[in-house]
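Topology and contacts: notes
Below are the chains, spelled out letter by letter.
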Amino acid sequence: MTLTVAPAHPASPDAGFFVAPPALSRTRHLLGLEGFSGAEILDLLDHAHTYRERWRTQGRAPSRELAGVEVCHAFFEDSTRTRASFELAALRLGATSVAFTAGGSSVSKGESLLDTLQTLAAMGVDLVVLRHRSSGAAAYVAQQLEAGVINAGDGMHEHPTQGLLDLLTLRDAWSGRFEGRRLAIVGDIAHSRVARSALHGLLALGSEVTLAGPSTLMPAEIEALGVEVARSVEDAMAGADGVMALRLQRERMESGLLPSLSEYARVWGITPPRVALMKPEAVVLHPGPMNRGVEIAPEVADGGRSRILAQVENGVAVRSAVLSRLAQAARERRAAHL
Amino acid sequence: MSDSSARGAANAVTLIRDARHWQTGERIERAFANGQVLERAPAAPDRVIEAGGAILAPGLVDLHVHLREPGQTAKETIESGARAAAAGGFTSVACMPNTKPVLDSVAWIEWVRHRAEKALCRVLPIAAVTVGQEGAQLTEFVALERAGAVALSDDGRPIMNAGLMRHALEYAKQTRLPIVVHEEDLTLRGDGAMNEGLTATRLGIRGIPAAAESVMVRRDVELAELTQGRVHFAHLSCKASFDALRDGKARGLRVSGETCPHYWMLTDEAVADYDTRAKMNPPLRSDLDREATVEAIADGTIDCFVTDHAPHTEDEKRQPFDQAPFGIVGLETALALTIAGLVRPGHLSLSRALELWTEAPRRVFGLPEVSIEPGSPADLVLFDPELEWTVDTSRFASRGRNTPFDGWRLSGRVLATFCGGQQTFALEGAPAEARA
Ligand SMILES: [Zn+2]
């Protein structure tokens, strides 16, 4: 029997339920670095650089640049450092900050996020800085709110301002040149939003990225993103222009992913002999807080190659730049509504 | 249906004219009355339906749906689920027991059958394998079979304890009931929310490896050999599972398997923007697995199709990806997705595709045969394989709207469904209704 069936091409489905907006509707949200062009990233880094130099030379008295802009720091997961960095960034530009902390386990996940969204929407804040344990949470919030959303870490997905501050730190260390440079990222890649943001940014800028870590902590098919996976930390670091050590969570042992901290330190720790494998001018990064003696040796953390404190300084500058850009867009939206 | 008097009188004769036979393609007419297909049409039927060349086939059968009743009527009810089934051309559906409470007793099986008496399709309850689906104590298989259960399953959950699975397979031999297994090694699944692979890596979603399914299929093929029991593998989704099933069949074991339209239509890339409508369990897999699904269907490894119709409320699905429930509705898109994914690309003839939705599932569960020939119950579907339509979940009869196919343009549409001679669905504006 021959029945010809008319060809039917699936139309692009209407947005129902939850479909995330693109990584950044460029001026409106910062959800991740995936999809950014090198030029866009450099532009943000330049902006951050301006703030940093101004604070270095003219002091840190708050400007009035973001006067009247309201920023809500919504942290559903503890992060003293990131939150402090964002709050300082807002303060130095004269924005008004409100905090919304729903600490750890006291808030059950799903409903509370929806309820919180509605509360935030009713307050009418301009920007929401969101930290949440669910991957995609920032995209989810961005879809539901008028406000601009800055992802301050969503599950195992991305932490784009961390990625930007790493890039700013590397740009200083690498004399402004990303092409031909290679960063080794070592440790728990699978659970690291820091690694994901950094690698997307570096690849967009023309650098190479080599990953190394226990195979239980290496995500599936990650090479397809354009990175190399080395077999050992030595292979990854040899000839590299820098290394980023990732924080190791103790619960990886309990969940059967690793035998012990000492085994980890022995096989994957960033130690002086391993640092010596890199290029002479290579630098060491760590997103903090550090487990000294586990993923990084104390001599390395405090040594001459370490740029860990520079990362912290750059964090405030980068977050100021991002707040400034997105606030501009938020103001324009508000003006259009009036 | 416009003519209510025709529906009212059970002995009234309905004549379907100018239809095409689902297997031979020849022009046919069929009359039915008293719920049965008649030997020949009387000179003056009470009602005439001009089919206009539409295909007449036995009513579709879905061995795997979740009707959510008792307990979760915001998601679906037996009534709304059966109406969705009728709209999809189904005349029989087997409903899974993972309701609240679980269908693990004679009383609940009888309750479902009673609730389903007025439903728009035949609802065949599947009973739980273990009390409360807790994986500890077997339910009363013999009594459940007598009460009308058509199979046993702890679907929604695997039977993790291999020893218990062995006993279930052995004890089920006291009945004719197959054990339907949801294969998922929970220790391999962990907190996974989608298929393990590049998309999960990119999105930072914890992955579920395909092996979480296939190692259990392998295990239960071995247990089917040990016990000579009857195993039916639910919603298979990956190459390694099909290979294991193929192997079991080659060894002459009493094993069978089913798959669902989403596994031949989509891959895990459908999740790319954290679209919770594409979150299901087993998860959408790689393109290799998708191709293997088509191959397993084409070579007969797969015994029948099911939808795994799993309705959820919009609020539940409107959550961050890792928190949203697994599941997709399927009754109202099944036939069109079969045409789009299997018939149109030339993997299956339309008649073979229909067989996998009609005769094949009846064989798998040992249900009475239904045909479009005289003497058969008038469980019939009339559909136009070329009629184009756009999936619009707002018009679904199901309470569930959770499907990634919303907005898709598909061809193949059910015009009318008859269950036991009663018209249970008529497409608005279709010839079947307009001329009735
Ligand atoms: Zn299942």
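Residues numbered from 1 in each chain as written. Chains lettered and ligands numbered in written order. Predicted model: local features only at pLDDT ≥ 70, side-chain atom pairs only at ≥ 80, totals over all residues. Heavy atoms only, no water.

Before going further, it helps to examine the coordination of the zinc ion. Residues and elements named next belong to chain B. The coordination sphere of the zinc ion, as far as protein atoms go, consists of Asp155 (OD), His182 (ND1) and His235 (NE2), spread over 1.9 to 2.3 Å. In the primary sequence, the donor residues of the zinc ion line up as D-x26-H-x52-H. Of the two residues, aspartate 155 is situated in the loop between β9 (152-153) and α5 (162-171) and histidine 182 in the loop between β10 (179-181) and α6 (186-189); the sequence distance between them amounts to 27 residues. Judged by relative accessible area, aspartate 155 falls into the buried class, the value being 2%. The buried category is assigned to histidine 182, whose relative accessible area is 4%. (Donors = N, O, S within 2.8 Å, 3.2 Å for Na, K, Ca; no water. Helix = DSSP H or I, 4+ residues; strand = E, 2+ residues; numbered from the N terminus. Buried < 20%, exposed > 50% of the residue type's maximum accessible area, 1.4 Å probe, protein only.)

A few words on the confidence of the model for chain B. Residues and elements named next belong to chain B. On average, residues of chain B carry a pLDDT of 95, and 96% of them reach 70 or more. Note on residues 1-8: pLDDT is under 50 here. Beyond four places in sequence and across chains, it has 10 contacts. In the predicted complex, the global pTM is 0.91; the interface-specific ipTM is 0.87. (pLDDT = per-residue confidence, 0-100. Contact = heavy atoms within 4.5 Å.)

A few words now on the side chain of B:Gln423. All names here are of chain B. In this fold, glutamine 423 is placed in strand β18 (residues 422-426). Its relative accessible area of 7% is what places glutamine 423 among the buried residues. For glutamine 423, the side chain forms a polar contact with the main-chain oxygen of phenylalanine 425, separated by 3.1 Å. (Polar contact = N/O pair within 3.5 Å; in protein donor to acceptor, adjacent residues only side chain to side chain.)

On to a negative patch on the surface. Negative charge collects at one region of the surface, where A:Glu208, A:Glu221, A:Glu223, A:Glu228 and B:Glu196 lie side by side. Tracing the backbone shows A:Glu223 in the loop between β6 (208-212) and β7 (228-229). Overall, A:Glu223 belongs to the partly exposed group, its relative accessible area being 45%. (Patch = residues over 30% accessible without salt bridge, like charges linked within 9 Å, V, L, I, M, F, W, Y side chains within 5 Å. Areas by Shrake-Rupley, 256 points an atom, 1.4 Å probe, with all protein chains shown as cover. Salt bridge = Lys/Arg side-chain N within 4 Å of Asp/Glu carboxyl O. Lys, Arg positive; Asp, Glu negative; His and termini not counted. Charge placed at Lys NZ, Arg CZ, Asp CG, Glu CD.)

Looking now at the packing of aromatic side chains. By the definition in use, this model includes 10 aromatic pairs over all chains. Seen in terms of ring centroids, A:Tyr51 and A:Trp55 are 5.8 Å apart; in terms of plane orientation they differ by 15°. Their pairing is stacked. Pair noted here: A:Tyr51 and A:Trp55 are both in helix α1 (residues 38-58), with a separation of four residues, about one helical turn. Classification of A:Trp55 by relative accessible area gives buried; the value is 9%. Here the aromatic rings of B:Trp108 and B:Trp111 are separated by 5.2 Å at their centres, their planes lie at 75°, and the arrangement is edge-to-face. (Phe/Tyr/Trp six-rings, centres within 6.5 Å; stacked < 30°, edge-to-face > 60°.)

Burial of helix α13 (residues 334-343) of chain B is extensive: 10 of the 10 residues sit out of reach of the surface. Among all positions of α13(B), only B:Ala334, B:Leu335, B:Ala336, B:Leu337, B:Thr338, B:Ile339, B:Ala340, B:Gly341, B:Leu342 and B:Val343 are buried.

Moving on, we come to the pairing of strand β5 (residues 55-58) of chain B. Residues and elements named next belong to chain B. The sheet contact formed by strand β1 (residues 14-21) and β5 spans two bridges and is parallel. Bridge pairing in β5 places histidine 21 opposite leucine 56. Of the strand pairs in this sheet, β5 and strand β16 (residues 380-390) are connected by four bridges, and their pairing is antiparallel. The residue bridging leucine 56 from the neighbouring strand is leucine 382, located in β16. (Pairing = 2+ DSSP bridges.)

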